[in-house]
Amino acid sequence: MSSTSQPTTLYGGKAGRRITVRDIAAAKDRGEKWPMVTAYDAMTARVFDEAGIPVMLVGDSAAMVVYGYDSTLPVTVDDLMPLTAAVVRGSSRAMVVADLPFGSYQSSPQQALETAARFMKEAGAHAVKLEGGRRVLPQVEALVSAGIPVMAHLGLTPQSVNAFGGYRVQGRGQAGDELMSDAKDLQAAGAFSVVLECVPFELAERVTTSLSIPTIGIGAGPSTDAQVLVWQDLMGLTPQPAKFVKQYFNMHEAMDQAVRSFADEVVNGAFPTREHSYS
């Protein structure tokens, strides 16, 4: 695949160049569905990249799955910067999207631009994601005008969990019309995609068919153009995952068994053997 050619499909294509916003737009035109996963380190990113995952999100979910906080709110730009750089170094094909953490873009378009520019210049991110509807339209417009691709995020926006009164489904009733309006405004402002989190599947379907940019669902039903999960959730490391999570592997059990086997062999003198020793 040449440096200018379009990949045949987003998912599973060969590594010839990075996925771009043009590729994602073309997938929407083709009606192609695609997966997105989170990543926070180079080794995991390499596995996902080799598997053909077209977009990886360095999410502010790192606050919980990497740093051990109970929400996304405490994580900082400086916390996420090295994680983003590691994911970029560990991949060669996937678009790497950096989450703008709470407090790093809300105050003004200038603050958003300064934060996003750091992720692009210092960490090598290819796009950024921010949460919110009409209140962040000036930020989206400023970033897009500066040449920074923006992934929007509506519905349950975890950075607003305190305002929502907890992690609850969003967009029911009149709130659904407001979300639809926000989605169209974000598209007009230049966002290249929009995450829909924890919204009724009928609403997600209506938004998806109304937009020319792709929707990325997480707890939003099967009709969105793409689906995203936190990789620790889909691999079975999360003890009590949300309803929308499907666990594809029990990594917790596999890791537990492996480390217990290692410990037992050390205690019993079975490891290391001569096979694992130098002469």
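Computed from a predicted structure; not experimentally measured.

### Observations concerning the packing of aromatic side chains
- In this structure the tally under the stated criterion is two aromatic pairs.
- Relative to Trp231, the ring of Phe48 has its centre 6.2 Å away and its plane inclined at 65°; by these criteria the two rings are edge-to-face. Remark: Trp231 occurs in helix α10 (residues 231-234) and Phe48 occurs in helix α2 (residues 42-50); sequence separation between them is 183 residues.
- A residue is classified by how much of its surface remains accessible, and Trp231, at 11% relative accessible area, is buried.

### Thoughts on helix α4 (residues 77-90)
- Here α4 is 14 residues long and its end C-alpha atoms lie 20 Å apart, about the 20 Å a rise of 1.5 Å per residue gives.
- Considered for burial, the residues of α4 that qualify are Val77, Asp79, Leu80, Met81, Leu83, Thr84, Ala85, Ala86, Val87, Val88 and Gly90.
- Those residues of α4 hidden inside the fold are in contact with α2, β2 (55-58), α3 (62-65), β3 (95-99) and α5 (109-122).

### Digging into the domain arrangement of the protein
- Here the domain parsing of the protein yields domain 1 (21-248) and domain 2 (249-278).
- For domain 1 and domain 2, the distance between their C-alpha centroids amounts to 38 Å.
- Tallying the contact residues gives seven residues for domain 1 and five residues for domain 2.
- Summed over both partners, the interface of domain 1 with domain 2 buries about 450 Å², with 62% contributed by carbon and sulfur atoms.
- Linking domain 1 to domain 2 there are zero salt bridges.
- Linking domain 1 to domain 2 there are two residue pairs in polar contact (both at pLDDT 80 or more).
- Class assignment for the residues of the side of domain 1 that touches domain 2 results in five nonpolar, two polar and no charged.

### Comments concerning the sheet that holds strand β4 (residues 127-129)
- Strands sit in the order β1-β2-β3-β4-β5-β6-β7-β8 around a closed barrel of eight strands; the barrel is parallel. Going across the sheet, the axis of each strand differs from the next one's by a mean of 25°, ignoring polarity.
- In this structure, β4 lies alongside strand β5 (residues 150-155), joined through two bridges in parallel fashion. Within the sheet, the bridge partner assigned to Lys129 lies in β5 and is Met151.
- Relative to the sheet, helix α8 (residues 174-189) contacts β5 and β6 (193-197), its axis offset from that of β5 by approximately 175°.

Definitions and cut-offs
- Residues numbered from 1 in each chain as written.
- Predicted model: local features only at pLDDT ≥ 70, side-chain atom pairs only at ≥ 80, totals over all residues.
- Heavy atoms only, no water.
- Phe/Tyr/Trp six-rings, centres within 6.5 Å; stacked < 30°, edge-to-face > 60°.
- Helix = DSSP H or I, 4+ residues; strand = E, 2+ residues; numbered from the N terminus.
- Buried < 20%, exposed > 50% of the residue type's maximum accessible area, 1.4 Å probe, protein only.
- Expected span 1.5 Å × (residues − 1).
- Contact = heavy atoms within 4.5 Å.
- Domains from an automatic or database assignment.
- Buried area = accessible area lost by both parts, 1.4 Å probe.
- Salt bridge = Lys/Arg side-chain N within 4 Å of Asp/Glu carboxyl O.
- Polar contact = N/O pair within 3.5 Å; in protein donor to acceptor, adjacent residues only side chain to side chain.
- Nonpolar A, V, L, I, M, F, W, Y, C, P; charged D, E, K, R; others polar.
- Pairing = 2+ DSSP bridges.
- Axes fitted to C-alpha atoms, helices over the stretch in contact; angles between N-to-C directions.

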